[in-house]
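Here are the chains, one letter per residue:
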Amino acid sequence: MTELVDIGVNLTSKSLLRDLDGVMQRAADAGVRQMVVTGTSIAASEQALELCARFPERLLFTCGIHPHHASEWDALSQDRLRKLAQQPRACAIGETGLDFNRSYSPHEVQETAFRRQLELAAELEMPVFSHQRDAHSRFVEILRDYRDRIGKIVVHCFTDSREALLDYLDLDCHIGITGWICDERRGLELRQLVKLTPAERLLLETDAPYLLPRDLQPRPSTRINEPAYLPHILEAVARHRNQAIDALAAQCLENSRRFFDL
Ligand SMILES: [Zn+2]
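Parameters and conventions
- In this convention, every chain numbers its residues from 1, walking through the sequence in written order.
- Given that the model is predicted, a residue must reach a pLDDT of at least 70 before its local features are reported, and side-chain atom pairs must reach 80 or more before they are shown or counted; all residues, however, enter totals for whole chains, interfaces and linings.
- To get the side-chain values, take all heavy atoms of the structure and skip hydrogens and water.
- Simply put, an axis is a line fit to the C-alpha atoms, just over the touching stretch for a helix, and the angle between two N-to-C directions goes from 0 to 180 degrees.
- For helices the rule is a DSSP run of H or I covering at least 4 residues; for strands it is a run of E covering at least 2, with both sets numbered from the N terminus onward.
- Angle categories: roughly parallel below 35 degrees, roughly antiparallel above 145, roughly perpendicular from 65 to 115, and oblique for all the rest.
- Only heavy atoms matter for contacts: two residues are in contact if any of them lie within 4.5 Å across the pair.
- Classes in brief: Ala, Val, Leu, Ile, Met, Phe, Trp, Tyr, Cys and Pro nonpolar; Asp, Glu, Lys and Arg charged; the others, Gly included, polar.
- Only protein chains enter the calculation, and the probe is 1.4 Å; a residue is then buried if its accessible area is under 20% of its type maximum, exposed if over 50%, and partly exposed in between.
- For two strands to pair, DSSP has to find at least two bridges joining them.
- Whether a crossover is right-handed comes down to one check: with the strands pointing away from the viewer, does the path from the first strand over the helix to the second run clockwise; if it does, it is right-handed.
- The term salt bridge refers to a side-chain nitrogen of Lys or Arg lying within 4 Å of a carboxyl oxygen of Asp or Glu.
- Polar contacts here mean pairs of N or O atoms no more than 3.5 Å apart (in protein, one a potential hydrogen donor and the other a potential acceptor; neighbouring residues in sequence count only if both atoms are side-chain atoms).
- Any two of the Phe, Tyr and Trp rings considered here, Trp counted by its six-membered ring, make a pair once their centres fall within 6.5 Å; the pair's planes then place it as stacked at under 30 degrees, edge-to-face at over 60, or tilted in between.
- In our convention, an over-ring charge means Lys NZ or Arg CZ found within 6 Å of a ring centre and within 35 degrees of that ring's normal.

Student: Outline the packing of helix α6 (residues 136-146) against helix α7 (residues 162-170), listing residues and values.
Tutor: Packing of α6 against α7 leaves a shortest axis separation of 11 Å and a crossing angle of 5°. On the basis of the axis angle, α6 is roughly parallel to α7. Counted together, His 136, Phe 139, Val 140 and Arg 144 of α6 and Ala 164, Asp 167 and Tyr 168 of α7 form the full contact between these two elements. Grouping the amino acids of the contact of α6 with α7 by side-chain chemistry returns four nonpolar, one polar and two charged.

Below, the structure is given as structure tokens:
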């Protein structure tokens, strides 16, 4: 069976925790052996660490403060994230970045939290798991300031334009592709852009429980996305890249292992 790594699962969200053993089992049955649990706040990162202790063979986690939660950033945040990042199974700093779409936190606050987390990644020599929505130009400006001090960066759930993609590739970023590509309306541009992305820069993720692939058959009544649907995303990416599924799976597995040092 094709072996896959889901590089973005919000496994600390209630809708997945409710049936955690089922989620883990269905993922394993679908070939998704390892998953990276996204840390979106200090509390969520701590919870992710606990989940990793329960499934040490299969889970890793990122530790960070999502731009939605940037208002929670305070004088202690960097130290707390540093301690979390030094725990076993911690594999990246993030989710961090800018989200000017919902702007749950003021833009300046988001920028400060983003910069501090990039500094931490540079200090600890860890990869960055980043998020950008409607904030591309500021995001790239900030990233450029730190780029030569940071090793690996993934722009997760990429849904942006051709220009944005080229900027990220120019900065030698990895590109995280979700089930957004399965959306027959919103995913059209992404279907073109996966063709332009070098194979060695592609990473696959569900971003579960969000972004249930729209063309999933049968459509789960719960509408909850889960890592077991990653092969469906793999197939869509392979189709739009005119690439054999097995070859793409092997490439993405290798990319994930290299990126997160699995
Ligand atoms: Zn995100």
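Student: For the pairing of strand β4 (residues 90-99), give the residues involved together with the corresponding values.
Tutor: Most of β4 sits inside the fold, with 10 of its 10 residues counted as buried. With three bridges joining them, strand β3 (residues 59-63) and β4 adopt parallel strand pairing. Each residue of the ladder has a partner; that of Thr 62, found in β4, is Ala 92. One crossover worth recording links β4 to the parallel strand β5 (residues 128-133) by way of helix α5 (residues 107-124), and it is right-handed.

Student: Please set out unusual backbone geometry residue by residue, giving values where relevant.
Tutor: Along the chain, Gly 94 connects to Glu 95 via a cis peptide bond; the corresponding omega equals 15°. For Glu 95, the location among the structural elements is in strand β4. Along the chain, Gln 217 connects to Pro 218 via a cis peptide bond; the corresponding omega equals -10°. Within the secondary structure, Pro 218 is located in the loop between β8 (202-204) and α9 (230-241). With phi around 55°, Glu 125 is a residue other than glycine that occupies positive phi space. Within the secondary structure layout, Glu 125 lies in the loop between α5 and β5.

Student: Account for the pattern of salt bridges, naming residues and giving values.
Tutor: Oppositely charged side chains may form a pair once their charged atoms are brought near each other. Enumeration over the complete set of coordinates arrives at 15 salt bridges. For Arg 138, the salt bridge goes to Glu 141, with nearest N and O atoms at 2.3 Å. Placement of the pair is Arg 138 and Glu 141 together in helix α6, with a separation of three residues, close to one helical turn. Residue classification places Arg 138 among the partly exposed positions, given a relative accessible area of 27%.

Student: Give me the lowdown on the side chain of Asp 183, citing residues and values where you can.
Tutor: Positionally, Asp 183 belongs in the loop between β7 (174-177) and α8 (188-196). Separated by 2.9 Å, the side chain of Asp 183 and the backbone nitrogen of Arg 185 make a polar contact. Apart from residues no more than four positions distant in its own chain, Asp 183 is found in contact with Leu 188, Arg 191 and Arg 214.

Student: Describe the sheet that holds β7, listing the residues and the values that go with them.
Tutor: Read from one edge to the other, the open sheet built from eight strands follows the order β1-β2-β3-β4-β5-β6-β7-β8, with strand pairing classed as parallel. Two strands close off the open sheet at either side, each with one partner strand: β1 (4-9) and β8. For this sheet, the mean inter-axis angle between neighbouring strands, taken without regard to orientation, is 30°.

Student: Break down the packing of aromatic side chains for me, citing the residues and quoting the values.
Tutor: Applying the stated criterion across every chain yields a total of four aromatic pairs. Aromatic side chains Phe 139 and Tyr 168 sit 5.8 Å apart centroid to centroid with 85° between the ring planes, which places their arrangement in the edge-to-face category. One end of the pair, Phe 139, is in helix α6; the other, Tyr 168, is in helix α7, with 29 residues separating them in the sequence. In terms of burial, Phe 139 and Tyr 168 fall into one category: buried. Taken together, the ring pairs connect Phe 114, Phe 139, Phe 158 and Tyr 168 into an aromatic cluster. Across from the ring centre of Trp 180, 4.0 Å away, lies the NZ or CZ of Arg 186, which sits over that ring.

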